[in-house]
Amino acid sequence: METHMPDFALPSSHPTLNGQKTAKSARDSFSAYNSKYLTVSQNRSSWHRSGTNGALEASVVSCRSSVINNYMDGTQGGARDKASPSGLHFRDSKRKVDYVLAYHYRRRLAQHVPIAASPEPTRGSASMALVWNGSTRKGHAEPQQQQQDDGQRALREWPGLPGLEVVELSPLDALEEERRLQREEYERNLLEAGLEIEKDPENKSQGLSFVRIHAPWQVLSREAELLKIKMPTKKMYEITEEKGVLKTLNEIWCKLTEPLQPQVPQQENTKMKTLSYPFSREKIYLYNIKDKDTFFDNATRSRIVREILKRTSTKARNSMGIGTLIANNVYDAAYPLHDGEYEGQDDEMNERKLLYQEWARYGVFYKFQPIDLIRKYFGEKIGLYFAWLGLYTEFLIPSSVVGIIVFLYGCVTIESDIPSKEMCDQRNAFTMCPLCDKFCDYWNLSSACATARASHLFDNPATVFFSIFMALWATMFLEQWKRLQMRLSYFWDLTGLEEEEEHPRPEYETRLLQKKLKNKNITTENSNENEKEKLTWSDRMPGYAANFGLILFMIMLTFSAVFGVIVYRITTAAALSFSTNETTRSNVRVTVTATAVILNLVVVLILDEIYGAVAKWLTEIEIPKTEKTFEERLVLKAFLLKFVNSYASIFYVAFFKGRFVGRPGRYVYVFESYRMEECAPGGCLMELCIQLSIIMLGKQLIQNNLFEIGIPKLKKLLRKLKDERTEPKEMDTNQSKDPQQWDLDYVLEPFTGLTPEYMEMIIQFGFVTLFVASFPLAPLFALLNNIIEVRLDAKKFVTELRRPDTVRAKDIGIWYNILSGIGKLSVIINAFVIAVTSDFIPRLMYQYAYSQNGTMHGFINHTLSYFNVSQLKAGTQPENSLFAQEVSFCRFKDYREPPWSPHQYEFSKQFWAVLSARLAFVILFQTWNSASVKRSHATEPPVQS
């Protein structure tokens, strides 16, 4: 059944700032009648209005089309074939498509219940249909007489609308009808705001339709003035350049890096800069307007239209803006168009294709990023992200070089390392105490020779230097980013950028509406209606309580997962020790460490995905008012949960493993039968290196690359299959052979924000800085990952995502505070890793305080304590010991008094001396780094514009 809008007079367009003013129509009045009834017209009526650009003709057409601007009648079979060849303009090939709204429609299949028609003559040929929403009375059907009575009553109350009929609707049809009416009202309000609209006819029983929006000059100039958008004026001024040696070095650098520069259009005169000024219609003579159609670029045009879409409302459900309509499934999507195809040799060059050729391909990984073009196409917020990512990647180059040098130093000096040689010397018969009760035998320390030699690669004096270097590196990186950020703000005209007034989120409006309706039922007549209502802390208290409880639960879940891996290591080590296979028993530590690290990586990846979804849900139930507040709270929650998840097991190995095992004869047990695990004979630093490297590389390879490539492609495939399954195979006479740009962009993934991109880089920044003392090669692997990551993100933005809305931002927001916090925390953690986890302090103390000749000879013997095996608890002695000689004393790694001392097995003086030296090193390390940072701030030259 075809339905149409009633014949009514539309007032002339009058742009309003809040988009609230709408035409008074028969449908608007009738919507207040009874929720049981909706009105739809039965045939076509047309109306005309005067647009902002002169004579603008709009028609209301059949097939449930709402107001359509300059629509070519659906009876013309080749309508779609006459569309703009580029797919970026209206059918007149003149007006540019600035924004697109997409929605799915479904024709109503309803049964008519005839009622008596009015004898009054009709006005023209228009007749109205009275539609009954059968879902309002569930559980029983109304008698036909009652339906007719309702219809007669409607006729009496609407004498000016003769020829009504009752149409019974299913609940699904009623919902679709309600959405259609909301779309009609919303699009009519957009026209009143001055926008121009073009739509396709709905020729199928159900399908996908697009609303194309164009903003004429009057709207663009009005909104640009309202939003205080800075536009270039005719005035230019000269940029002062560096002189002397710095200028010469800069010229040499430019010549050397010329092959690395992307081949994109550059400003002709780089010494001159155009003065930008907030747009004003009264001072239009100041601006360099050569062509009104191109004065505002595509990104600015779409930003202006988006602001109008946000504040234009509909009366239905008191919805405010396009966000609410998308949340209520009135529209499926709203997005600006890409500038055309990114591939193809025949098409003319556009900015999207240029970005793809010079930035978004793996073949140009060696080139610099065209940051200015990225900012122009995607906006300042995304431009700042890629500028930050590029600077971070560049800074990883020197840290990678230093890390390789430190690693090579360990490789070169491994043969001259005296403690490792003593440990590997079989003549030093260090008989060690059993690693487990009853089933483990005594063992020689020389059997751990390979572990000791491998530990030296990362536990050597150069590691201390590298930790100090990375602490300064993190500080210098943040300072350099501040300089670059200020420079970009200057050239991008972000200086003095005011915080734009944000519109409330749809969820906030819905909750506020529920509160208003509830208060309206319980408030007295003396209530102050002028007072602006808002959600208070009491309204959000359930959300805050749920946040506190669930975040605490998730953190405990992470600790439980770490404890579960610990239990796995302990029980697996005990089980493998029972094996009769000699090879299995000799490789217990390697087997347990490798499998436990892989298991821990799997747990981290799974919990990461869960925590991301939980953090989003927790933020939603807090009901933040604006998108900015929502994003900040989401970032804090997601970072807290993912930080704990990623680093909990690393913190355990670094600072807790092997610290609470007890001593022979008085071990600490888990579940009364399993001993707490100890560090390897070479120390825990090697295990920390393995743990850190596996988790870091695993997250980068699996989560940051495979997931980032595979999941979007899988979502795209599923959405395509869903659309093919839901849409019937019908011939559409208006469907062109070649899909238009809005069709191509619709099948792309929607842009969901930069939080995932920043999050993976921030977690990586933590791996690079926090525990770099245990893994000097971390910056190198981060660099290799980021070289791919930059192009992967670029390709995703250019080819796989819908074009994001341009957002102006003068900084990277809360991410800088997180980076600064990680940088400060890294100094403390690396100081403790060197002092507590590594053997640097014990070796230093031995060489200068206890060694008789000032060398490291005798260090291993110095760090091992004696234990009388006769004092082992009954039932814990080794069974069937393979040692031929009778063992009287075994050795264990600790600073304790020997059995023959009056204070046997108590901590020795050496223990307290080493502990004091460890704490003193932490304080000195922290103080020295703080002083170095202050000196770097004091000597740093000011940023020159």
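Numbers given to residues run from 1 along each chain, matching the order in which its sequence is written. Per-residue local features are limited, in this predicted model, to residues with pLDDT of at least 70; the limit for side-chain atom pairs, both in listing and counting, is 80 or more; totals at the level of whole chains, interfaces and linings are taken over all residues. Water and hydrogen atoms were dropped before computing side-chain values, which therefore reflect all heavy atoms in the structure.

**Brief notes about a nonpolar patch on the surface**
Link 1 in the chain: There is a patch of nonpolar side chains on the surface, built from Tyr362, Phe365, Tyr366, Ile709, Leu784, Ile787 and Ile788 and spanning about 630 Å² of accessible area.
Link 2 in the chain: With three residues, helix H23 (residues 778–800) is the largest single contributor of residues to the nonpolar patch.
Link 3 in the chain: Under the DSSP-based scheme used, a helix requires at least four consecutive residues in state H or I and a strand at least two consecutive residues in state E, with every element numbered from the N terminus. As for its placement among the helices and strands, tyrosine 362 is situated in the loop between helix H9 (351–358) and helix H10 (371–378).
Link 4 in the chain: A relative accessible area of 40% means that tyrosine 362 is categorised as partly exposed. Exposure above 30% relative accessible area and no salt bridge define the residues that can form patches, which grow by joining like charges within 9 Å and nonpolar side chains of Val, Leu, Ile, Met, Phe, Trp and Tyr within 5 Å. For accessible areas, the Shrake-Rupley method is used with a probe of radius 1.4 Å. Any residue's cover is judged against the shown protein chains and nothing else. Any carboxyl oxygen of Asp or Glu that lies within 4 Å of a side-chain nitrogen of Lys or Arg is treated as forming a salt bridge with it. The cut-offs for exposure are 20% and 50% of the maximum accessible area for each residue type, with area from a 1.4 Å probe on protein chains only; residues under the lower value are buried, those over the upper are exposed, and the others partly exposed.

**Focus on H9**
Link 1 in the chain: With seven of eight residues buried, H9 is to be regarded as a mostly interior element.
Link 2 in the chain: The set of residues buried in H9 consists of Glu351, Arg352, Lys353, Leu354, Leu355, Tyr356 and Glu358.
Link 3 in the chain: Next to the buried residues of H9 lie H10, helix H21 (741–746) and H23.
Link 4 in the chain: Any N or O atom pair separated by 3.5 Å or less is treated as a polar contact, with the protein-specific requirement of one donor-capable and one acceptor-capable atom, and with residues adjacent in sequence counted only for side-chain atom pairs. Measuring from the backbone nitrogen of arginine 352 back to the side-chain oxygen at the start of H9 gives 3.0 Å, which picks out asparagine 350 as the cap. Throughout, a residue-residue contact means that at least one pair of heavy atoms, one from each residue, lies within 4.5 Å.

**A closer look at the nonpolar core**
The nonpolar side chains of a soluble globular protein tend to be buried, and buried together.
Link 1 in the chain: Residue types Ala, Val, Leu, Ile, Met, Phe, Trp, Tyr and Cys, when buried and joined through side-chain atoms within 4.5 Å, form a set referred to as a nonpolar core. Counting 121 residues, the largest nonpolar core has Trp359, Phe378, Trp388, Tyr392, Trp473, Phe771 and Ile812 as the members making the most contacts within it.
Link 2 in the chain: By residue number, the principal contributor to this core is helix H19 (residues 627–655), which donates 15 residues.
Link 3 in the chain: Formed by 33 residues, the second largest nonpolar core is a distinct cluster that contains Leu227, Met231, Ile304 and Ile322.

**Quick word on the sheet that holds strand S10 (residues 206–214)**
Link 1 in the chain: What the four strands build is an open sheet, ordered S9-S10-S5-S13; its pairing is antiparallel. Since the sheet does not close on itself, it has two edges, and those belong to strand S9 (196–199) and strand S13 (333–335), each with one partner. Along the sheet, successive strands turn relative to each other by an average axial angle of 20°, direction set aside.
Link 2 in the chain: Across the sheet, helix H7 (residues 298–311) touches strand S5 (99–106), S10 and S13, and the angle it forms with S5 is around 50°. At least two DSSP bridges between two strands are required for those strands to pair. To get an axis, a line is fitted to the C-alpha atoms, and for a helix only the part in contact is used. The angle between two axes follows their N-to-C directions and goes from 0 to 180 degrees.

**Description of empty space enclosed by the protein**
Link 1 in the chain: Put plainly, a pocket is an open set of points on a 1 Å grid over the protein atoms alone with protein on both sides within 12 Å along at least five of seven lines, a cavity is a set where a 1.4 Å probe fits but cannot get out, and a lining residue has an atom within 4 Å of a point. Grid points are joined across faces, edges and corners, and a volume is the space filled by probe spheres set on the points. Under the defined criterion, the tally for this structure stands at seven cavities of 30 Å³ or more.
Link 2 in the chain: One number sums up the size of the second largest cavity: a volume of about 70 Å³.
Link 3 in the chain: Val562, Val565, Ile566, Arg569, Ala596, Val597, Asn600, Ser649, Tyr652, Val653, Glu677 and Gln691 are the residues that line the second largest cavity.
Link 4 in the chain: Of all the elements in the fold, those that place two or more residues in the lining of the second largest cavity are helix H16 (537–577), helix H18 (588–622) and H19.
Link 5 in the chain: Examining the composition of the lining of the second largest cavity, we find that four residues originate from one element, H16, more than from any other.
Link 6 in the chain: The classification used treats Ala, Val, Leu, Ile, Met, Phe, Trp, Tyr, Cys and Pro as nonpolar, Asp, Glu, Lys and Arg as charged, and all other residues, Gly among them, as polar. The class makeup of the residues in the lining of the second largest cavity is seven nonpolar, three polar and two charged.

**Description of the pattern of salt bridges**
Link 1 in the chain: This model, assessed by the stated rule, comprises 38 salt bridges.
Link 2 in the chain: In this structure, glutamate 415 engages arginine 453 in a salt bridge whose closest nitrogen and oxygen atoms are separated by 2.7 Å. Linking glutamate 415 in the loop between helix H11 (380–412) and helix H12 (418–424) with arginine 453 in helix H13 (residues 449–456), this pair joins segments that are 38 residues apart in sequence.
Link 3 in the chain: When its relative accessible area of 27% is taken as the criterion, arginine 453 is described as partly exposed.

**Notes on unusual backbone geometry**
Link 1 in the chain: Its identity as a non-glycine residue notwithstanding, asparagine 329 has a phi of 65°, on the positive side.
Link 2 in the chain: On the secondary structure map, asparagine 329 appears in the loop between helix H8 (321–327) and S13.
Link 3 in the chain: Taking the relative accessible area as the measure of exposure, asparagine 329 reaches 44% and is therefore partly exposed.
Link 4 in the chain: For aspartate 493, which is not glycine, the phi dihedral falls at a positive 60°.

**Some details on the environment of valine 653**
Link 1 in the chain: The topology assignment puts valine 653 in helix H19.
Link 2 in the chain: Along the backbone, valine 653 and leucine 685 are 32 residues apart, and their C-alpha atoms lie at a distance of 8.3 Å.
Link 3 in the chain: Excluding its chain neighbours within four sequence positions, the residues that come into contact with valine 653 are Cys684, Glu687, Leu688 and Gln691.

**Side note on the packing of H19 against helix H24 (residues 814–837)**
Link 1 in the chain: The interhelical angle for the contact between H19 and H24, taken along N-to-C directions, is 10°, at an axis separation of 13 Å. With respect to H24, the element H19 is oriented roughly parallel. Counted together, Glu632, Val635, Leu636, Phe639, Phe643, Phe651, Ala654 and Phe655 of H19 and Ile814, Trp815, Ile818, Ile822, Leu825, Ile829, Phe832, Val833 and Thr837 of H24 form the full contact between these two elements.
Link 2 in the chain: Here the residues of the contact of H19 with H24 are counted per class, giving 15 nonpolar, one polar and one charged. In this scheme, roughly parallel covers angles under 35 degrees and roughly antiparallel covers those over 145, while 65 to 115 is roughly perpendicular and the rest are oblique.

**Digging into the state of the cysteines**
By definition, a disulfide links two cysteine residues through a covalent bond between their sulfur atoms.
Link 1 in the chain: Cysteine sulfur atoms that come within 2.5 Å of each other are treated as a disulfide pair. Counting across every chain of the model gives four disulfides.
Link 2 in the chain: The residue that forms a disulfide with cysteine 424 is cysteine 449, at a sulfur-sulfur distance of 1.9 Å. Across the S-S bond linking cysteine 424 and cysteine 449, the dihedral sits near 95°, which makes this disulfide right-handed. With cysteine 424 in helix H12 and cysteine 449 in helix H13, the pair connects residues that are 25 residues apart, well separated along the chain. The pair cysteine 424 / cysteine 449 is uniform in exposure class, with both members buried.
Link 3 in the chain: What pairs with cysteine 679 in a disulfide is cysteine 684, and their sulfur atoms sit 1.4 Å apart. The S-S bond linking cysteine 679 to cysteine 684 shows a torsion near -80°; that makes this disulfide left-handed.
Link 4 in the chain: By relative accessible area, which is 18% here, cysteine 679 ends up buried.

**Section: the packing of aromatic side chains**
Two aromatic rings, taken as a pair, are described by how far apart their centres are and by the angle between their planes.
Link 1 in the chain: Centres within 6.5 Å are what make two rings of Phe, Tyr or Trp a pair, Trp counting through its six-membered ring; a difference in plane orientation under 30 degrees is then read as stacked, over 60 as edge-to-face, and the rest as tilted. Tallied over the full model, the rule gives 57 aromatic pairs.
Link 2 in the chain: With 5.5 Å between their ring centres and 40° between their planes, tryptophan 217 and phenylalanine 296 make a pair best called tilted. One end of the pair, tryptophan 217, is in helix H4 (residues 217–227); the other, phenylalanine 296, is in the loop between helix H6 (292–295) and H7, and 79 residues separate them in sequence.
Link 3 in the chain: By relative accessible area, which is 0% here, phenylalanine 296 ends up buried.
Link 4 in the chain: The residue whose ring lies beneath arginine 891 is tyrosine 866, and the NZ or CZ to ring-centre distance is 3.8 Å. Only when the NZ atom of a Lys or the CZ atom of an Arg is both within 6 Å of the ring centre and within 35 degrees of the ring normal do we say a charge sits over the ring.

**Regarding the side chain of aspartate 793**
Link 1 in the chain: In this structure, aspartate 793 sits in helix H23.
Link 2 in the chain: In this structure the side chain of aspartate 793 is engaged in a polar contact, spanning 2.8 Å, whose partner is the side chain of tyrosine 385.
Link 3 in the chain: Apart from the residues lying within four places of it in its own chain, the contact partners of aspartate 793 are Tyr385, Phe386, Leu389, Glu708 and Glu757.

**Comments concerning the confidence of the model for the protein**
Link 1 in the chain: Each residue gets a pLDDT score, which is the predictor's confidence in that residue and runs from 0 to 100. Taken over all residues, the pLDDT of the protein has a mean of 77, while the share at 70 or more is 77%.
Link 2 in the chain: Taken element by element, the protein is modelled with least confidence in strand S3 (residues 54–60), mean pLDDT 33, and with most confidence in H11, mean pLDDT 93.
Link 3 in the chain: Note on residues 110–145: pLDDT under 50 across the span, and 93 contacts to partners over four residues away in sequence or across chains.
Link 4 in the chain: Below a pLDDT of 50 lies the segment residues 524–531, which in the model reaches zero contacts outside its immediate sequence neighbourhood of four places, other chains included.

**Focus: the environment of lysine 625**
Link 1 in the chain: Among the secondary structure elements, lysine 625 is positioned in the loop between H18 and H19.
Link 2 in the chain: When its relative accessible area of 37% is taken as the criterion, lysine 625 is described as partly exposed.
Link 3 in the chain: Separated by 91 residues in the primary sequence, lysine 625 and lysine 534 have C-alpha atoms spaced 9.3 Å apart.

**Some details on the environment of arginine 180**
Link 1 in the chain: Tracing the backbone shows arginine 180 in helix H3 (residues 171–192).
Link 2 in the chain: According to the relative accessible area criterion, arginine 180 is buried, its value standing at 4%.
Link 3 in the chain: The sequence separation of arginine 180 and arginine 106 amounts to 74 residues, and the corresponding C-alpha distance is 9.5 Å.

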